[in-house]
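Overview (structure and organization)
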Amino acid sequence: MIPAEAGIQNATAQRNNDVEKGSMMKFERNILCIGAGYVGGPTMAMIAYKCPQYRVTVVDINPERIRQWNSSNLPIFEPGLEEVVLACREKNLFFSTDIEKGIKEAEIIFVSVNTPTKSFGAGAGMAADLQYWEKTARQIRDCAESPKIVVEKSTLPVKTSLAMERILSGENDRVYFDVLSNPEFLAEGTAIKDLENPDRVLIGSHETKRALKAREVLVEIYSNWVDREKIITTNLWSSELSKLAANAFLAQRISSINAISALCEKTDADIGEVATAIGMDSRVGDKFLRASVGFGGSCFKKDILNLVYLCRYYGLNEVADYWEGVVRINDYQKDRFVLNMLNAMFNTLAGKRICLFGFAFKANTGDTRESPGIFIARELVEEQAELVITDPEALENARVDLKDIEQHITYLDDPYEAAEGSHAIAVLTEWELYRDLDYERIYQSMMKPAFIFDGRNILDHRRLFAMGFNVFPIGKAPLTHF
Ligand code: NAD
Ligand code: UGA
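Computed from a predicted model, the values in this text were never measured in an experiment. (Residues numbered from 1 in each chain as written. Chains lettered and ligands numbered in written order. Predicted model: local features only at pLDDT ≥ 70, side-chain atom pairs only at ≥ 80, totals over all residues.)

The next point concerns the overall build of the chain. Within the chain, the secondary structure is distributed over 18 helices and 14 strands. Relative to its length of 482 residues, the chain is compact, with a C-alpha radius of gyration of 24 Å against a globular reference of 23 Å. With respect to the principal axes defined by its C-alpha atoms, the chain has extents near 75 × 55 × 45 Å. The buried share among the 482 residues of the chain stands at 47%. If you take every contact in the chain between residues at least 6 apart in sequence, the share linking residues at least 24 apart comes to 73%. (Helix = DSSP H or I, 4+ residues; strand = E, 2+ residues; numbered from the N terminus. Rg over C-alpha atoms; globule rule 2.2 N^0.38 Å. Buried ≥ 20, exposed ≤ 12 C-beta atoms within 10 Å, placed from the backbone. Contact = placed C-beta atoms within 7 Å.)

Okay, here's the thing in structure tokens:
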């Protein structure tokens, strides 16, 4: 059990008592979140969990998603999430499709809709697609009958709150809206831990007396469980830009270490040793220096491209080029991984069975958005390989992602069955379970020569080599028998 889960279970009994009492009293605040996704669901569940005195409602246009949030099978897999949701659901946490009613009743509205990369028109492939966000803003304006604090939770281009204010202030003169920016920094797979004990909470606002009052309301909500000194306040634009920049900095570290991993493979240096040596410098720090098959996830690429687009818009081409390089190196790393497989396996993959260990973009999530697995699977099928994919949580999403090439893919839950008869295994997700498999048994069941490409450097390479595998880690010399 992870510490956050243990803490949550201990606190649940006490909390249930509080909520029972809470249900008999009038709630102190009525909070709404529009968008019941990876951010809206867990974030609001944590607020409801920590603040039994508030009523929290999460709404979405997708009725199936809401049905799942109200069921025993939540729409997303996230360690510790179920305990938190079950402790509050139908007490002070509600999931609904009635957006209008939610807007009318709430005094604080979080907007947590998706802001994907635009796929059409000007800025296609770079700019943020703000259509879902704008529809929400208009709906808030049209339905509101009393003043609201509107909180941007989605990641948005800097200056979006200005547009939000303009939309909200048109046509509905009866009601005043305060717009705050409160970007979310949780990472999937550790969302509950991150929400319970965040490094910081960032709140951006204007400096007017009214805006500062609205900001204080949000500070007060978080201070129910977050130390005041961790709640930082800035102007609106700094808050919006900090979110994009934070993701760009995190992704940049991964591209930096991945770029060095390519050089390690040419020079017999070891990326693990290099990362340790770099990371022990306290000015650099040791986190986020794990070389990999490339970063994935719904946000890094989209947020960097959004940043690049903004820089070009403001004529800052050198700055744009700099950040675009982070995405270019990530694409290169995924490409390199497939080319290494092809080279190692005698320059042909046609008709070979290749087993992918993991398809989620990282461990402890079923999310496959922008997963390196999508790109790698497609490239391997392009080389006419036959794929077997196994993953403890992500197979349902993988089936959707690879629907158009499904005739070349088998999906299996059991990694032993998946590896059987394969020419190669490629580890694409760092699931703990892949460390502890019986690789002797797996080796015996595979075609020979047997290859293993460890795209996460999680396996014991020397041991695998001693068993007979040809081992290809990231950023380390390969261990081969020929
Ligand atoms: P998501 O796609 O999982 O969820 C968004 C939800 O909004 C969907 O369920 C969708 O149906 C709903 N929606 C869209 N338009 C709507 C409308 N008009 N009315 C009501 N509901 C509507 O997205 P997500 O991963 O939760 O991300 C949401 C935002 O948070 C994005 O801007 C993202 O960049 C940011 N963010 C995401 C993460 C993460 O880990 N996923 C972390 C930090 C920030
Ligand atoms: C990331 C950020 O970490 C969050 O702070 C942010 O809120 C979120 O994006 C967002 O805005 O959506 P997330 O994408 O969920 O969170 O997960 P990360 O842990 O950041 O991992 C992203 C990708 O980088 C994964 O594919 C992971 O495997 C990869 N990674 C991470 C590496 O390859 N090496 C590392 O050292 C760390």
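What follows is about the site of ligand 2. Arg290, Ser292, Phe295, Gly297 and Cys299 are the nearest of the 20 residues found near ligand 2. With three residues, helix 10 (residues 236–267) is the single largest residue contributor to the shell around ligand 2. Grouping the amino acids of the shell around ligand 2 by side-chain chemistry returns 11 nonpolar, five polar and four charged. Structurally, the shell around ligand 2 is a two-domain feature, drawing no fewer than three residues from each of domain 1 (3–226) and domain 2 (268–482). (Near = placed C-beta within 6 Å. Nonpolar A, V, L, I, M, F, W, Y, C, P; charged D, E, K, R; others polar. Domains from an automatic or database assignment.)

This paragraph deals with the packing of helix 10 against helix 12 (residues 300–313). The geometry of helix 10 relative to helix 12 is characterised by a closest axis approach of 9 Å and an angle of 115 degrees between their N-to-C directions. In this structure, helix 10 crosses over helix 12, and the sense of that crossing is left-handed. The residues of helix 12 that touch helix 10, namely those facing Leu244, Asn247, Ala248 and Ala251, are Phe300, Asp303, Ile304, Asn306 and Leu307. Split by residue class, the contact of helix 10 with helix 12 holds six nonpolar, two polar and one charged. (Axes fitted to C-alpha atoms, helices over the stretch in contact; angles between N-to-C directions. Left-handed = near helix turned anticlockwise from the far one by under 90°.)

This part takes up the environment of Gly366. Looking at where Gly366 falls in the secondary structure, it is placed in the loop between strand 9 (353–357) and helix 14 (372–382). What makes Gly366 buried here is the crowd of 21 C-beta atoms within 10 Å. With residues up to four places along the chain from it excluded, the contact list for Gly366 reads Ile76, Phe77, Ala360, Glu393, Ala394 and Asn397.

Next up on the list: the sheet that holds strand 10 (residues 386–390). An order of 11-10-9-12-13-14 is seen for the six strands of this open sheet, with the pairing classed as parallel. At either end of the open sheet lies a strand with only one pairing partner, and these are strand 11 (409–411) and strand 14 (470–473). When the angles between neighbouring strand axes are averaged without regard to direction, this sheet yields 20 degrees. (Pairing = 2+ DSSP bridges.)

On to the domain arrangement of the chain, then. Looking at the assigned domains, one finds that the chain contains domain 1 (3–226) and domain 2 (268–482). Domain 1 and domain 2 are separated by 34 Å when their C-alpha centres are compared. Contact residues are listed per partner, giving 16 residues for domain 1 and 16 residues for domain 2. A class-by-class count of the residues in the side of domain 1 that touches domain 2 yields 10 nonpolar, four polar and two charged.

With respect to the helices and strands, the residue Pro75 is situated in the loop between helix 3 (63–69) and helix 4 (81–88). In contact with Pro75, other than residues within four places in its own chain, are Arg65, Gln68 and Trp69.

Quick look at the site of ligand 1 now. Around ligand 1 there are 26 residues in total, and Gly35, Gly37, Tyr132, Ser154 and Thr155 lie nearest to it. Its residues assigned to classes, the shell around ligand 1 shows 10 nonpolar, 11 polar and five charged.

For helix 14, the set of buried residues is Pro372, Gly373, Ile374, Ile376, Ala377 and Leu380. Phi turns positive one or two residues past the end of helix 14, at Gln384, with a value near 70 degrees.

Lys448 connects to Pro449 through a cis peptide bond whose omega is -5 degrees. Considering the arrangement of structural elements, one finds Pro449 in the loop between helix 17 (439–445) and strand 13 (451–454). The phi angle at Glu90 is positive, at roughly 65 degrees, despite the residue not being glycine. By the secondary structure assignment, Glu90 is in the loop between helix 4 and strand 3 (93–96). You can call Glu90 exposed: it has 11 C-beta atoms within 10 Å.

Among the nonpolar cores identified, the biggest contains 130 residues, and Ala45, Ala48, Ile109, Val150, Leu356 and Ala426 are the most heavily contacted of them. Two domains each provide a minimum of three residues to this core, namely domain 1 (3–226) and domain 2 (268–482). Other than its neighbours up to four places away in sequence, Ala48 contacts Tyr54, Val56, Cys88, Asn92 and Leu93. (Core = buried A, V, L, I, M, F, W, Y, C linked by C-beta atoms within 7 Å.)

Burial along strand 13 is two-sided: Phe451 and Phe453 facing one way and Ile452 and Asp454 facing the other are all buried. For strand 12 (residues 424–427) and strand 13, the ladder comprises four bridges, and the chain directions are parallel. Pairing of Val427 across the sheet is with Asp454, part of strand 13. For the segment spanning strand 12, helix 17 and strand 13, crossover handedness is right-handed. As defined by bridge partners, strand 13 adjoins strand 14 across four bridges and the pair is classed as parallel. In the strand pairing of strand 14, Phe451 is matched with Asn470. (Right-handed = clockwise from strand over helix to strand, strands pointing away.)

The next thing to look at is helix 12. Along its 14 residues, helix 12 runs 20 Å from first to last C-alpha, staying within 8% of the 20 Å computed at 1.5 Å per residue. Extensive coverage of helix 12 is indicated by the burial of 11 of its 14 residues. By the burial criterion, the buried members of helix 12 are Phe300, Lys301, Lys302, Asp303, Ile304, Leu305, Asn306, Leu307, Val308, Tyr309 and Leu310. Its buried side turned inward, helix 12 meets helix 10 and helix 13 (317–344). A positive phi of about 75 degrees marks Gly315, the residue just after helix 12. (Expected span 1.5 Å × (residues − 1).)

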